[in-house]
Amino acid sequence: MNIRSVSPTAWIGMTGIAIAVIAAAFAPWLAPYGENEVVGAPWEAASHAFPLGLDNLGRDLLSRMIYGARMTLFVSFCATVLSFSLGVVLSFVAAVTRGVVDMGLSRLNDLMMSIPTLIFALIVLAALPQNLAVLIGVMAVLDSTRVFRLGRALAGDIAVMDFVEAARLRGEKTLWIVFREILPNAMTPLVAEFGLRLAFAVLFISTLSFLGLGIQPPTADWGGMVKDNKDGIIFGISAALVPGAAIAVLTISINLVVDWLLNRTSSLKGGRGG
Amino acid sequence: MAELRKPDETPLLEVRNLKIGAMAYPPGERPHPIEIVKGVSFTLESGKVLGLIGESGAGKSTIGLSPLAYGRGGVTITGGEVLLDGVDILKLGKAGTRAIRGARVCYVSQSAAASFNPAHKLGDQVIEATLRHGLMSRSEARARAIELFGILGLPEPETFGERYPHQVSGGQLQRAMTAMALCSRPELIIFDEPTTALDVTTQIDVLAAIKTAILKTGTAALYITHDLSVVAQVADDIMVLRNGETVEYGSVEKIIENPDADYTRELVNVRAIRNEEAGDQSGRVLEMKNISASYGTTPVLFDVSLHVPKGQTLAIVGESGSGKSTLARVATGLLPPTAGSVRFDGQELTPALKNRSREQLRKLQLIYQMADTAMNPRQTVGAIIGRVVTFYDGLRGSARRNRVNELLEQIEMGSGFYDRYPAELSGGQKQRVAIARALAADPELIICDEPTSALDPLVADGILKLLLQLQREKQLSYVFITHDIAIVRAIADSVAVMHQGKLVRFGPKSQALAPPFDDYTDLLLKSVPEMKIGWLEDVLASRRISSAGN
């Protein structure tokens, strides 16, 4: 990869992501105060000691933001990777084998998609024990239905190409066709979708936390922090907006990098990268 | 614009030192400007036809669009003058060029099927530009369209315009597009490969219609094609282009009968390959007996029986929809037949692909028409060929690399291409790699599904020579599917003629292509353009039946 080929917008995006990742990785060293350390009065205004002010319980907002990056990034990244692994493999197998397998998987997917995601998540999370693994699993399964739709359409188009037929004529197995022939050609839209889904996962975990079914207090995460501080908005206290803005910036950053990756990969195919 | 008309000695169209450039985006490199057309000049008198000929990338379409002051996607005219009646149209600006396009200069594209709007009736689309320019009233334009439909030999000219694009055949659509171009009584029409996408038997009708229309309306025309024998039928002058430069420019007689440049001579003498038919055709590598097949409930093959002589070439010829490619799908097992059997080396093959053994699959390889889609664009040449070597022979590491390089030598490309991606290869090179992939399996029979029809004539010639040479070296048998009788004559040992899913004729070449002919074979044989002036008239006078496209 050539450093000079990185576009300016991609640099901005990478910087944004890098800040979030560094904050997550080195939280105990970077944060000026402890995650749950009460250091002053609730919603104390920003000052030299507390650059972003304090939250509803008098904890340092900056420190909680740094610790929150950890949880938000970890959960959404794991959930997205898992949902892609699940969605891509199942959809590609469906598209390549066709017939009963395709019909079964596709209709099951339709069934899952017909239930409103948030309500489905709320019910399942309320019923299951509340821990991280369950949370990530539920997010991944729900999200994989969207990935399945995309993957099925992509693989359907690629599976009828002559080179896939040539592989089939050679006697290749389904998994070879899926991973060696189809996947590399579906990478471009999948990477784009990954960026988008990652952003949605950040929003989704934030939503769940906001509703009280995501990451449980006192562990900090950005969505939960919006919830904790939302009442402050009535009194003109902006503490809830800080994690909200962080979610927005991270989402945009991811998309800037994805856009650049897309251009790069499409130029490999002989297409024109803008 | 009429007031700008100069005295009569000004030619209708004069192109002086035309230069056209574009940005290139080669993979892995910085974008940089390239020159597509490097200073081309020509003149065209009104009522005359100039043929622009060259292989793909010669810049012929780009030059052809210049009288419309138009550059296709990302292409810009960087220098020179295009004088229409003495006025440089490149300097006219937007309003000026708009007054010319569709009124004084019209365009007929290669694919009429992709150019018509499927949601509107043909008649409305044919007269649209004329009405927009306010050249005629609606009723006048409609009468003009009907007249043109008649001249172009379309069925029921009175009501033809009431049809939608999907209700007429490809050849008729191409003629409707010609009517659209002629409707506004333009001074110049640009034909951009108008018959390339059509079957030979349809091509001849469209060609005749275009020629008649040009004669009757007295319009001038630029005729762009890669097929010299086609342009020889309609043009007065011919310009041979290569890499954006003029190779030779002169009258049709001069170019065809007495060319100066070596390149022109090659074009004229293309397909001089002759492969003598093998005397003994008793060996049978592939035998298909009473094959019937259908797509869903639509039957496409009816009781076809034929066999491929061992170490020789069977050419299957027919127009699109005749079932010749379906026959290949049945042989390979991609489409299990509804009836009949396939035997390979005397051994019965199971109808479905998934039940065939690896050894059976290895012996029967397929080469596709479009090398672009037949190779995974994300794999290097080395990976594409190497996979076959690993899959069938279990070779890995340096043994695999050596075998791939050996194959690259056999297709006359060399190991330098090992790490290249298909997008970095030319059309001919891609097809060669596809051949190497088939060879890598060490097959007995290769089915070639129109492997040369997407290639330029000289490149196609190279591919055919390579295939024949490989056949001699390795005793390969070929099934060669094509719509081109000239190729059949050149390389086949035995011939099968297909028409509407049925086998019309089958036997050794000398018998299959010798009289007495059935009507269809007669039509097919006569429709192949010959490098001869006046061929079109001769053929039209001697035909027994008209083509299916009518």
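Bear in mind the structure is a predicted one, so any value in this text is a computation, not a measurement.

Calculation notes
- Residues numbered from 1 in each chain as written.
- Chains lettered and ligands numbered in written order.
- Predicted model: local features only at pLDDT ≥ 70, side-chain atom pairs only at ≥ 80, totals over all residues.
- Heavy atoms only, no water.
- Helix = DSSP H or I, 4+ residues; strand = E, 2+ residues; numbered from the N terminus.
- Buried < 20%, exposed > 50% of the residue type's maximum accessible area, 1.4 Å probe, protein only.
- Contact = heavy atoms within 4.5 Å.
- Areas by Shrake-Rupley, 256 points an atom, 1.4 Å probe, with all protein chains shown as cover.
- Lys, Arg positive; Asp, Glu negative; His and termini not counted.
- Charge placed at Lys NZ, Arg CZ, Asp CG, Glu CD.
- Buried area = accessible area lost by both parts, 1.4 Å probe.
- Salt bridge = Lys/Arg side-chain N within 4 Å of Asp/Glu carboxyl O.
- Polar contact = N/O pair within 3.5 Å; in protein donor to acceptor, adjacent residues only side chain to side chain.
- Nonpolar A, V, L, I, M, F, W, Y, C, P; charged D, E, K, R; others polar.
- Core = buried A, V, L, I, M, F, W, Y, C linked by side-chain atoms within 4.5 Å.
- Arc of directions from axis to C-beta.
- Pairing = 2+ DSSP bridges.
- Domains from an automatic or database assignment.
- Patch = residues over 30% accessible without salt bridge, like charges linked within 9 Å, V, L, I, M, F, W, Y side chains within 5 Å.

Q: Just to check I follow, could you spell out the overall build of chain A for this structure?
A: When its secondary structure is counted, chain A shows 10 helices and 0 strands. Its helices and strands taken in sequence order, chain A reads α-α-α-α-α-α-α-α-α-α from the N to the C terminus. Considered along the principal axes of its C-alpha atoms, chain A spans approximately 70 × 50 × 30 Å. Per-residue burial for chain A yields a buried fraction of 43% across its 274 residues. Within chain A, contacts between residues separated by at least 24 positions form 70% of all contacts whose residues are at least 6 apart in sequence. Split by element, the accessible area of chain A, about 12900 Å² in all, is 72% carbon and sulfur. Here chain A carries 19 positive and 18 negative side-chain charges, and the mean point of each set is 8 Å from the other.

Q: Would you explain the interface of chain B and chain A in this entry?
A: Many authors give the size of an interface as the accessible area that is lost as the parts come together. Opposite the 26 residues of chain B that make contact, chain A presents 24 residues. Both sides together, the interface formed by chain B and chain A hides about 2300 Å², and carbon and sulfur atoms give 54% of it. Where chain B meets chain A, there are 2 salt bridges. Between Glu165 of chain A and Arg329 of chain B there is a salt bridge; the shortest N-O distance is 3.2 Å. In this structure, the connection of chain B to chain A is made through 13 residue pairs in polar contact (both at pLDDT 80 or more). Here the side of chain B that touches chain A gets 4 residues from one element, more than from any other, and that element is helix α15 (residues 381–393) of chain B. Of the residues in the side of chain B that touches chain A, the class split is 16 nonpolar, 5 polar and 5 charged.

Q: I would appreciate a short explanation of helix α12 (residues 324–332) of chain B in the present structure.
A: Since there are 3.6 residues in each turn of an α-helix, residues three or four apart along the chain are aligned in direction. The buried count for α12 of chain B comes to 7 of 9 residues, which makes it a mostly enclosed element. Buried within α12 of chain B are the following residues: Lys324, Thr326, Leu327, Ala328, Val330, Ala331 and Thr332 of chain B.

Q: Looking at this model, I keep getting lost on the nonpolar core. Mind explaining?
A: If you look at soluble globular proteins, the nonpolar side chains tend to sit buried side by side. Residues and elements named next belong to chain B. In terms of nonpolar packing, the biggest core is built from 76 residues, with Leu286, Met288, Ile385 and Ile435 touching the most fellow members. Excluding residues that lie within four positions of it along the chain, Ile435 makes contacts with Ile367, Ile411, Ile463, Leu466, Leu467 and Leu470. Judged by nonpolar contacts, the second largest core, of 58 residues, contains Val168, Leu182, Leu198 and Ile204.

Q: It is not clear to me how helix α22 (residues 535–542) of chain B should be interpreted in this structure. Could you clarify?
A: Residues and elements named next belong to chain B. Three or more residues of α22 are buried, namely Trp535, Leu536 and Val539. For α22, the angular spread of the buried residues around the axis is 95 degrees, confining them to a single face. Looking at the buried positions of α22, the neighbouring elements they touch are α8 (200–217), α9 (228–234) and α21 (519–526).

Q: Hey, could you run me through the pairing of strand β3 (residues 49–53) of chain B in this one?
A: Looking along a regular strand, one sees the side chains alternate between the two faces of the sheet. All names here are of chain B. Taking burial as the measure, the 5 residues of β3 include 5 buried ones, the bulk of the element. Of the two faces of β3, the one lined by Val49, Gly51 and Ile53 and the one lined by Leu50 and Leu52 are each fully buried. Where β3 lies against strand β9 (residues 237–242), 4 bridges are found, and the strand directions are parallel. Across the sheet, residue Leu50 finds its bridge partner in β9, namely Asp237.

Q: What's the story with the domain arrangement of chain B in this structure? I'm lost.
A: All names here are of chain B. We note that the domain assignment places domain 1 (45–79 + 91–268) and domain 2 (284–514) within chain B. Each of domain 1 and domain 2 has a C-alpha centre, and the two are 35 Å apart. Each partner contributes to the interface: domain 1 provides 9 residues, whereas domain 2 provides 6 residues. Inspection of the domain 1/domain 2 interface yields 1 residue pair in polar contact (both at pLDDT 80 or more). Taken together, the elements giving at least two residues each to the side of domain 1 that touches domain 2 come down to α8 and α11 (262–268). Broken down by element, the side of domain 1 that touches domain 2 gets its largest block of residues, 3 residues, from α11.

Q: How should a nonpolar patch on the surface be read in this particular structure?
A: A surface patch of nonpolar side chains, amounting to about 470 Å² of accessible area, comprises Ile22, Phe26, Trp29 and Leu30 of chain A. The exposed category is assigned to Trp29 of chain A, whose relative accessible area is 69%.

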